[in-house]
Amino acid sequence: MASTPSASLSGCVGGTSSATASSRASPAVGSVNAAPHAASSSSSSASIAPKSKTQVNSNGYHPTNPPVLLSAMRSAPLDLTSVERRGQPTTSREPPKRNRLYGLEDAPTYRPTEEEWRDPFEYVRNITPEARQFGICKIIPPDSWNPDFAIDTTKFHFRTRKQELNSVEGSTRANLTYLDALAKFHKQQGTNLNRLPYVDKKPLDLFRLKKAVESRGGFEKVCKTKKWAEIGRDLGYSGKIMSSLSTSLKNSYDRWLTPYENYLRQAKPGVYQQLEHEYGGPLTPSPAPSPIKRSMVNTPSSLRAESPARYASDVLQATLNAPKQESDRDTIMADAAPIPSLPSSGGFTAINSGGFTAVNSGFTSVNRPNPTDPKSFTPPPKAHGSPLPSGKNTPDIRPSTLGHATSLKRQLSSDSLDSTKRETGTDREDSESGSRRSKRLKKETVPTVAGSHMSVFRPSAPRIPAPRDESSSPGEKCETCGKGDDAGFVAICESCDHGYHGTCLDPPLKAKPDADWNCPRCLVGDGQFGFEEGGLYSLKQFQEKAAEFKQSYFESRLPYDPILNCARPVTEDDVEREFWRLVTSIEETVEVEYGADIHCTTHGSGFPTAERNPCDPYSTDPWNLNLMPLHPESLFRHIKSDISGMTVPWVYVGMIFSTFCWHNEDHFAYSINYQHFGATKTWYGIPADDTEKFEKAMMEAVPELFETQPDLLFQLVTLLTPEHLKKAGVRVYAVDQRAGQLVITFPQAYHAGFNHGFNFNEAVNFAPSDWEPYGFDGVERLQQFRRQPCFSHDELLWTAAEGTSSMLTIQTAKWLAPALGRVRKRELGGRDDFFARHGEDNHDPCSLNVEPAGNCSLDFEVLDEDVPEEEYQCAQCKCYAYLSRFKCHRSGRVLCLRHAGHHACCDMSEAERFAGAEHILYYRKTNDQLDETYQKVADKAHMPEAWEEKFEKLLDEGSKPALKSLRNLLNEGERIPYDLPSLPDLREFVDRCNEWVEEATNYTVRKQQNRRKNDKVWQSGLRRSVGPGLSAQELREREFRRVDNIYRLIDEAERIGFDCPEIQHLQERANDIRSFQKSAEQALEHIRRHDQESIEKLIEEGRAYNVDIPELDRLSEILEQIKWNAKARASRSRFLTLKEVRDLLEEGHRLEIPLYNDNMKYYGDKYQAGQQWESKARELINAEIVHYPQLEALSNQVQSNSLPVSADTLAAVDQILHKQREAHRQIIDITERSLNPDYRKRPKYAEVVEIMKKLEDLNSKPTGTLDLEKEQRRHEDWMRKGKKLFGKTNAPLHILKSHMEYVLERNLACFDIRNDTPRLPAEPASRAASEEGEAKVSRSWEDPTQVEVFCICRRIEAGMMIECELCHEWYHGKCLKIARGKVKEDDKYTCPICDWRVKIPRDAARPKLEELISWQEEIPTLPFQPEEEELLKKIIDNAQEFRNHISAFCNPVLATPSEADTQRFYLRKIEGAEILLSMETNFFRQELHKWSPVAPEPPPVLEISKSTRKPRPTKLQKMLAQYGVEDPDDLPENMKSKANSLKRKAMNAEAAAAAAAASSTTGLAHPNMTSPTPHSFATGNHSFFSRGSQPSTPSLAGAPHAHAPQRSNSISSSRPGSSLRPDPLEMGNPPGLHPDFFISGGNGGPGPSLAAPDSTLAFEDRLPRGQDDGINLSTDAGKAKALEMLRLTETGRKRAEEIFGPGVWNSRDDAFGSRSNIGQGQQEDDKDVDKMFQDLTNADDEDDPKKDRQRERDRQSVTADSFEAERNAMDMEDSD
């Protein structure tokens, strides 16, 4: 990318010092090595000698890769964090205002708020008045608005345009183009212009010399007036002027310029004639195509690898660096000493600081010979992610039709046509369309592959080249006549390769030239210029390329920064100054690339779209550039198809110095440009008011360019410095756009700009309603310059006019009506002009005016349908003839009315064309339709003005307009959706009138419902009028009802000045009120003459007026008093409540009835008596003990004296009396029934409970309640006794019955003697082996005889079952409280039946049968029939039946060892029952121990069977555990009182239970109770669950089993088991058993009985008699044991005091603190047994010794009061 100037040139001035940013390879396609080409072209020669005709592309190398679809290409993604983006740290801050180059002012910058940002069109409308004055403005969105970049950077690829900066500036390009043609001319004449001539040691700018001479009248005049010295000063030759300066200038002009200027005067007419023939029209206005189109005309600029600008730059640069003497052009000047450059203050190297040394002399264009000078600088090449292939080796490559032609300047859009389209003539014509914009997307050319190029150009001015054979090569035939060399020699142009006959040239060429020859067209020039096509890139590749170029360019041009230790960073000012320096430099050419006009339809938009990003909120954001053109307020929404670049956005990818030249938007539309990311983009804008000044300045600056291209400003290829424009009086403003910012350009405003680095922008046009006049002028301007418009402006207007009624709003009609008026006027005028001319040339009746048509030769048709665009585009001016078109049948050309007949569409004469033969005239709309549509829109637009006219007319009709007319006009105005100036005033006036009418109506019209409401209002008003005060609402009501308001309203109506019927009605009402007031005054004067009816009639008349009249109020008061007296007299005969009497008295006071009035006095006395009664009654009702006789007297007093009392109080008294009477009746009834001798007829206990609950609601208890309560307590004492028998002492009373039901159910199963008979041990069903060889007998579980029962509970198999290893009976794990996890498969288990030491878990105590019988015998003595009687009878009968059944097996004399299994069977049933058969239990245990001993000791005598469950903690115990203390005294202070209360209750309960037990010791004699001793057990440890062998017994042996059945519904115990041990509390321990221990029963009952010493006495009775059960009182141990047993009852305690003295308990407290019957030695021996018991069961029957001591200390003597209190406390606990 570096070059050095050539030292010497031959034939022309050569090498240019240039820098280029356009790589000669496209990094996005293929892999091509360009090194060979660089090597082959490394010659230092840059002459324009005959060049090789080798086929190369525009980038100077051979294409080697096949085409690749863009949609199939993938590249590395762009890192968006590496570019400046809005909201990222990389974003540069908005710098403060700076002094711009050329002193330019900044255009305004706007920062809308969130509210302002909502509607883009509303915001633009608000800023337009200010911003329009600058032409452009910048908008910085709110911080919250930051859309994501929506393009996939891996798929996005684009083609660039190459831009030579000094070629885009108009003056520089004109200079270089002129020098190029001048060099060609002199070369052809044999006088080669090797270099520019030198004057005063400086190169002479021949173009400036030519301009200076022309400005002073030409060569002859300058010579005559001697202006050469003046010209020299203008050219910069200052200081001492040599005497030969004028001569040198004159000689240089005469030698180099005069021959060429003379030639131009001769050759220009012929060249221009050729151009006019090709373009089909005169050059003014110019029909030249857009520079983005490829020309099919061979021109110097299109056929040479070097452009005129570069060629002329080579000439100038060679002049600057070559010596004055001529030398061979192929020899590098080695003796040309370089001029050192001096640093400037701006950080750049001065252009001519030491002479004319190019700034970028170290850069060489890649299509120039590579330098051999080792001093030159070449930036190191950088990889861009892929090899560098051909920039033309892409899908859109187009082989040139010019044969072996070299590169053409970029004349195609980045989205050029497909290469295959260019092979046909039609597509070639399409490719030459003349608009900058690509136009509507045609359906047949829409690409099917994303990223492919679109055919989007409208056809432009057709060129008409000379007819020749397309198959022939260029140069074989003459371009003028189309013939070959048969007609003479054909001279081939060295520049364009076109051939011409010598005779066809002007001036003619007599002989075929021997050397290189240029045709007149190449020497004169056709002014064509465009941008050469660049490479194909991805965004990442282009970013790397741009960064490399920027760094390489500036790294040697900026001063060293000692702080940063590198070159000073590049500022925006540096870039701007360097850009304009390069643009205006004729010595230095820098080439960059710009990705411009990239279609969003194929490449994608940077904004999210609803199709690709439906969930992104920015896809529907109104500021999204994809949506703005079709905004509801945008006129572009009326365009029927998409227009790429106008209604569909284009994107732009820039690099440093890439530029967009001066232009304004197509159709003078608004444009909006958003920068997605990247470096700054600087804009320059010119306001629309200075458009003419700008265009004039441009034409004056470069008239040479406008000479052949008057439409130059349409081509976007020309710049002019702001400095030049400011000198011409043009206002120029600038603005810097950064990432995330918007720039808006306004209609007709010229704008240009350049980029500071890599960036990505997106732009689109939009059209608010104020654009339309500009759009109309824009179309006229396009037609004037024969430029193709992007759309039909007429079609847009008519689409808007003929749209739906909802679309045609007044706002639309306001701008549409004048627009349609202009179009209608133009169209009708054009039709009239055509008809006039047609009538002159047509002598037959015209088909346009006569019906039916005559013999007119002109065809006419009204065709209101859409046709292809080419069918209604004028062939002459390129405008769209939408409403009328004139078509030639011969040529097929279409013309507008302006050119119809005038333009030679065929070979007919003008008169014949106007006559219409072989022509047809189409109307889209007839004249009537034009008028109708316009009138419709005009009427719509005139609606606001028409309404204003009606308003003015109504006001002018009279001083008092009718309110109805005003309302109608207001309604009509409110329906007009437009801002009407007079509407607010009219609305305010009508609202005031309506308020008056509404207020007046209240006094003139009153409906029936208002009448009833007003009656209440009047009555309440009368009542409150005598009150202490009124509320604000009441005051407003009274003010509203004043009669003075009517007279006020009449005056107001006169002042307002309007007319309505309510005014007359109100006047009539005022007259009626005056008449009523007179009548009322007369009635008040003679009130006694009027009765109630007449007064009411008069009042009714007054109320109808709906106002407060003083006389009416007085009449109402008198009427109220009359009505009160009548009501009071009538009420004496009926009963009144106290409230009714109070209301009557209050009403009398309100009506000001005097106290001496008879009714007032009467009801006053009644009210006082009623209050006294009320007070007394409430006192009795609320008393703690109700005195029913007084209540009865009060109730009778009301009836006898007709006292006014409160209904609630009277009802309460009657209710209390009724409840009392009913309760007393029920008490008497149940008391009498409880005395019935037959206890079965006595009342049920439940009935008593229900009655007692009812009595709780009474404040006092009726007579007999206390006796009933005593009887209830006596019955409940019987129930408590039953609870104690079953071990449910602390349970509620209702638990007794449910527990007895459970006991009966268990006993029925255990005492079953029918189905459950003695049997051999059986296996459970789940373990029973199948019987082999026999058919299985199905069992029915419903049949009890078929059911196998097990365990002590005698139930079927359920859950986990355990087999005893001795008796082989199966037991439920749940019954034994053994958890599943505690049992192993090989564990051995001995059941409690085989080994009496194994404890049976019990949830409740088992009463003895004898105790139940004794308890049953007390039932006849009870006052009420207990509900448990039947259950108790069934339990006893069932047990007696079982006892009788087994009595035969309880004879010790008859018992044999063979009966051991039967005895074991019955013992198992007895142990499973819930009542204790003590005699049978002890007998079977003794017998089994005798026949099959397991334990070493015989079993003790069992007298009681207690629960094994651990007692529930009391409330006091829970409290102690909660606070973690053992003594209540250690509790917190706030809890001690509650603890003491619980403690007293527990003590009272224990005392009450003991007293009840002592009082119930009647009836049955209790057997002797003995307690077990430690000696009852063997001293050795014994394991009931062990994995070892069990000691064998003589009679029982078997393998242990522990089996869990596999049935799905089996139930297993969830409680963990514990080891088993004998319960010392349940088992007595006699010294031993011997055969004569058993005696025959002495009670006459069947079966044997246990011999016991005087079993009828209690222990405390037997002890003094010496029957001490083996207790020796003389020893301490015997005494301790006796005291332990005596302390259990109150009688025993007294007996102990009698035996051992009164202080025995104080001295033995510590002795009783522990269990004295368990020795320490034995406890140590049984340690293992205890541990195993804890593992198998969770029962613990030992009380805490500390609790026993505490209970013993807390015992008190029981009295009758304490017993009663304790019984109440127990009832409370039961309820809990």
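Our subject is the structure that appears above.
Residues numbered from 1 in each chain as written. Predicted model: local features only at pLDDT ≥ 70, side-chain atom pairs only at ≥ 80, totals over all residues. Heavy atoms only, no water.

Colleague: Can you lay out the pairing of strand 5 (residues 157-164) for me, pointing to particular residues and giving the numbers?
Modeller: Counting buried residues along strand 5, 8 of its 8 residues qualify, which places the element largely inside the surrounding structure. Covered by surrounding structure in strand 5 are His157, Arg159, Arg161 and Gln163 together with Phe158, Thr160, Lys162 and Glu164, the residues of both alternating faces. Pairing between strand 5 and strand 10 (residues 532-538): 5 bridges, direction antiparallel. Pairing of Arg161 across the sheet is with Glu533, part of strand 10. As paired strands, strand 5 and strand 13 (residues 588-599) are joined by 4 bridges and run antiparallel to one another. When the sheet's bridge partners are listed, Glu164 is paired in strand 13 with Glu591. (Buried < 20%, exposed > 50% of the residue type's maximum accessible area, 1.4 Å probe, protein only. Helix = DSSP H or I, 4+ residues; strand = E, 2+ residues; numbered from the N terminus. Pairing = 2+ DSSP bridges.)

Colleague: So what about the sheet that holds strand 2 (residues 105-106)? Which residues, and what values?
Modeller: Across a sheet, paired strands are connected by hydrogen bonds in the backbone, their directions being either parallel or antiparallel. If you trace the 5 strands from one edge of the open sheet to the other, you get 2-18-17-20-15, paired in mixed fashion. A single partner strand is all that each edge strand has here, and the edge strands are strand 2 and strand 15 (659-663). As paired elements, strand 17 (residues 681-686) and strand 20 (residues 750-755) share 6 bridges and run antiparallel to each other. By the bridge assignment for strand 20, Thr682 is matched with Phe754.

Colleague: Before we move on, can you summarise unusual backbone geometry with the specific residues and values?
Modeller: The bulk of non-glycine residues show a negative phi, and the bulk of peptide bonds are trans. The phi dihedral of Asp200 falls on the positive side, at around 55°, and the residue is not glycine. With respect to the helices, strands and loops of the structure, Asp200 is situated in the loop between strand 6 (198-199) and strand 7 (202-203). Unlike most non-glycine residues, Arg1354 shows phi in positive territory, near 55°. For Arg1354, the location among the structural elements is in the loop between helix 38 (1295-1310) and strand 26 (1361-1363). Judged by its relative accessible area of 3%, Arg1354 falls in the buried class.

Colleague: So what's going on with the side chain of Asp1395? Which residues, and what values?
Modeller: Relative to the helices and strands, Asp1395 resides in the loop between strand 27 (1370-1372) and helix 39 (1409-1417). The buried category is assigned to Asp1395, whose relative accessible area is 0%. Of note is the side chain of Asp1395, whose polar atom sits 2.9 Å from the side chain of Arg1397. (Polar contact = N/O pair within 3.5 Å; in protein donor to acceptor, adjacent residues only side chain to side chain.)

Colleague: Let's hear about the side chain of Thr154: which residues, and what values?
Modeller: Mapped onto the elements of the fold, Thr154 is located in the loop between strand 4 (136-139) and strand 5. A distance of 2.7 Å separates a polar atom in the side chain of Thr154 from a polar atom in the side chain of Asp152. For Thr154, the contacting residues outside a window of four places in its chain are Met73, Arg74, Ser75, Ala76 and Pro77. (Contact = heavy atoms within 4.5 Å.)

Colleague: Explain a negative patch on the surface residue by residue, including any values.
Modeller: On the surface, a cluster of negative charge is contributed by Asp985, Glu988, Asp991, Glu995 and Glu998. Judged by its relative accessible area of 35%, Asp991 is partly exposed. (Patch = residues over 30% accessible without salt bridge, like charges linked within 9 Å, V, L, I, M, F, W, Y side chains within 5 Å. Areas by Shrake-Rupley, 256 points an atom, 1.4 Å probe, with all protein chains shown as cover. Salt bridge = Lys/Arg side-chain N within 4 Å of Asp/Glu carboxyl O. Lys, Arg positive; Asp, Glu negative; His and termini not counted. Charge placed at Lys NZ, Arg CZ, Asp CG, Glu CD.)

Colleague: Tell me about the packing of helix 21 (residues 810-841) against helix 23 (residues 927-957), and please be specific about residues and values.
Modeller: If you want to describe how two helices pack, look at the angle between their axes and the distance between the axes. Running from amino to carboxyl end, helix 21 crosses helix 23 at an angle of 150°, the nearest separation of the two axes being 8 Å. Our classification of the angle between helix 21 and helix 23 gives roughly antiparallel. Once helix 21 is placed against helix 23, the crossing between them reads as left-handed. Residue-level contacts link Ile810, Ala813, Lys814, Leu816, Ala817, Leu820, Gly821, Arg824, Glu827, Leu828 and Arg831 of helix 21 to Asn927, Leu930, Asp931, Thr933, Tyr934, Val937, Ala938, Lys940, Ala941, Met943, Pro944 and Glu945 of helix 23. (Axes fitted to C-alpha atoms, helices over the stretch in contact; angles between N-to-C directions. Parallel < 35°, antiparallel > 145°, perpendicular 65-115°, else oblique. Left-handed = near helix turned anticlockwise from the far one by under 90°.)

Colleague: How would you summarise the packing of aromatic side chains if you had to cite specific residues and measurements?
Modeller: Under the definition given, this model contains 61 aromatic pairs. Measuring from centroid to centroid gives 5.2 Å for Phe185 and Tyr263, while their planes differ by 35°, and the two rings are tilted. On the criterion of sequence distance, the pair formed by Phe185 in helix 4 (residues 170-189) and Tyr263 in helix 8 (residues 245-279) is long-range, its members being 78 residues apart. There is no split in this pair, since Phe185 and Tyr263 are both buried. We note Lys210 situated over the ring of Tyr178; from NZ or CZ to the ring centre the distance is 5.2 Å. Residue placement shows Arg1132 over the ring face of Tyr1162; its charged tip is 4.2 Å from the ring centre. (Phe/Tyr/Trp six-rings, centres within 6.5 Å; stacked < 30°, edge-to-face > 60°. Lys NZ or Arg CZ within 6 Å of the ring centre and 35° of its normal.)

Colleague: Tell me what's going on with the nonpolar core, and back it up with residues and numbers.
Modeller: Residues Leu206, Leu209, Phe657 and Trp662 are the most contacted members of the largest nonpolar core, which totals 95 residues. In terms of residue count, the dominant contributor to this core is helix 8 (12 residues). In this structure, Phe1286, Leu1304, Leu1477 and Leu1488 belong to the second largest nonpolar core, which totals 63 residues. (Core = buried A, V, L, I, M, F, W, Y, C linked by side-chain atoms within 4.5 Å.)

Colleague: Can you lay out the sheet that holds strand 23 (residues 884-888) for me, pointing to particular residues and giving the numbers?
Modeller: The strand order across the open sheet formed by 4 strands is 22-25-23-24, and the pairing between neighbours is mixed. For this open sheet the edge positions go to strand 22 (859-862) and strand 24 (894-895), each flanked by a neighbour on one side alone. In this structure, strand 22 lies alongside strand 25 (residues 919-923), joined through 4 bridges in parallel fashion. Its bridge partner lying in strand 25, Phe860 is registered against Leu921. Against the sheet, helix 21 contacts strand 23 and strand 25, and its axis sits at roughly 155° relative to strand 25.

Colleague: With reference to specific residues and values, describe helix 2 (residues 120-131).
Modeller: Within helix 2, burial applies to Pro120, Phe121, Tyr123, Val124, Ile127, Thr128 and Ala131. Each buried residue of helix 2 sits inside an arc of 145° when the element is viewed along its axis, so together they form one side. Turned more than 90 degrees away from the buried face of helix 2 sit Asn126 and Pro129, all of them exposed. Structurally, helix 2 contributes buried residues whose contacts are with strand 3 (109-110), strand 4, strand 16 (670-678), strand 19 (742-745) and strand 21 (759-766). The distance from a side-chain oxygen at the start of helix 2 to the backbone nitrogen of Phe121 is 3.2 Å, and the residue carrying that oxygen is Asp119. (Arc of directions from axis to C-beta.)

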